[in-house]
Amino acid sequence: MVATIEETAENTVAVLDHGFVALDGALASDLAVVNAARVSFNARSEEMSERDEGLIRFLMRDRHGSPFEHGYFRFIVKAPIFVVREHHRHRAGHSYNEWSGRYSKLEAEYYVPDYVRTQVGKPGAYSFEPVEPEVREAAREELTAVAEQAFDAYERMLEQGVAKEVARMGLPLSLYTKYFWSCNPRSLMHFCSLRNSEQAQYEIREYARAAEAFLERLMPVTHAAFVAGGRVAP
Ligand SMILES: Cc1cc2nc3c(=O)[nH]c(=O)nc-3n(C[C@H](O)[C@H](O)[C@H](O)COP(=O)(O)OP(=O)(O)OC[C@H]3O[C@@H](n4cnc5c(N)ncnc54)[C@H](O)[C@@H]3O)c2cc1C
């Protein structure tokens, strides 16, 4: 039998109640950034030096972005559909392949938020505050009931011979899906600058935070320069 995505994934960071970001493969290093820049002078470093670290900080500061494109991160992500809709808006330097609800039966797994909040202020400048405990419980119960009802209807339709691509139409945005996501360090930084940010919705921020931890692990000098520069992608 073919293994499911979870069973093959290593380097997995759990996100939300059932989601994750897993690093499935990577070819990413600070040295590759340095050497992409040093090729301008037909030169190459074999290992990182202080001078090379300074070069990365210069490239980040002056927004010489292309040397940061010669790396590769391949992630497997499990996320609710409303998060995926936000994520897949990121086009430049990102590739995606998603589990198909046309070809296989979807699983009854949906997100029920722990952090139930209310929004205060104007559009574009909302702040969010936790609701009272009884409102939180009631909201969680509502979201659970709606998802269960929708999934029961999905299964009933499948039993009656309705195509998966039709039966899925009533499923909620909270349903989890899985996808491959590949990007380069520059596009990952752009994603993190927008989504691992106070302005972004809490749930996608959790995914961006998990992905950024892999950037920090594999490219510590680049990541430090990104943070020091105000989290602006070069
Ligand atoms: C807090 C927040 C709120 C948002 N709210 C909404 C919303 O209400 N509605 C909504 O529809 N979206 C919303 N978005 C999505 C947002 O508009 C972008 O689609 C998303 O953040 C991807 O950003 P991007 O286009 O810079 O990234 P990418 O698609 O990865 O593009 C990266 C960069 O490449 C360049 N580029 C890419 N494509 C083009 C192009 N076609 N033409 C010119 N330059 C291009 C741009 O410089 C761009 O910044 C929101 C995003 C955030 C972070």
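Here we summarise the structure given alongside this text. (Residues numbered from 1 in each chain as written. Predicted model: local features only at pLDDT ≥ 70, side-chain atom pairs only at ≥ 80, totals over all residues. Heavy atoms only, no water.)

**Focus: the nonpolar core**
Here is step 1: By size, the foremost hydrophobic cluster in this structure holds 41 residues, and its most contacted members are Val21, Phe73, Phe75, Val77, Trp181, Leu188 and Tyr207.
Here is step 2: Among all residues touching Phe75, those that are not within four sequence positions of it are Val21, Ala22, Leu23, Asp24, Tyr179, Phe180, Trp181, Cys183, Leu188, Ala211 and Phe214.
Here is step 3: By size, the runner-up hydrophobic cluster in this structure holds 7 residues, among which are Leu106, Ala167, Leu171 and Leu175. (Core = buried A, V, L, I, M, F, W, Y, C linked by side-chain atoms within 4.5 Å. Buried < 20%, exposed > 50% of the residue type's maximum accessible area, 1.4 Å probe, protein only. Contact = heavy atoms within 4.5 Å.)

**Overview of the environment of Arg217**
Here is step 1: Relative to the assigned elements, Arg217 resides in helix 8 (residues 202-218).
Here is step 2: Residues Arg217 and Asp52 lie 165 residues apart in sequence; the distance between their C-alpha atoms is 18 Å.
Here is step 3: In this structure the side chain of Arg217 is engaged in a polar contact, spanning 3.4 Å, whose partner is the side chain of Asn11. (Helix = DSSP H or I, 4+ residues; strand = E, 2+ residues; numbered from the N terminus. Polar contact = N/O pair within 3.5 Å; in protein donor to acceptor, adjacent residues only side chain to side chain.)

**Brief notes about the side chain of Arg38**
Here is step 1: One can find Arg38 in helix 2 (residues 30-38).
Here is step 2: In this structure Arg38 comes out as buried when scored by relative accessible area, which is 13%.
Here is step 3: Each residue touching Arg38, except ones within four places of it in the same chain, is listed here: Ala43, Arg44, Ser45, Arg51, Asp52 and Leu55.

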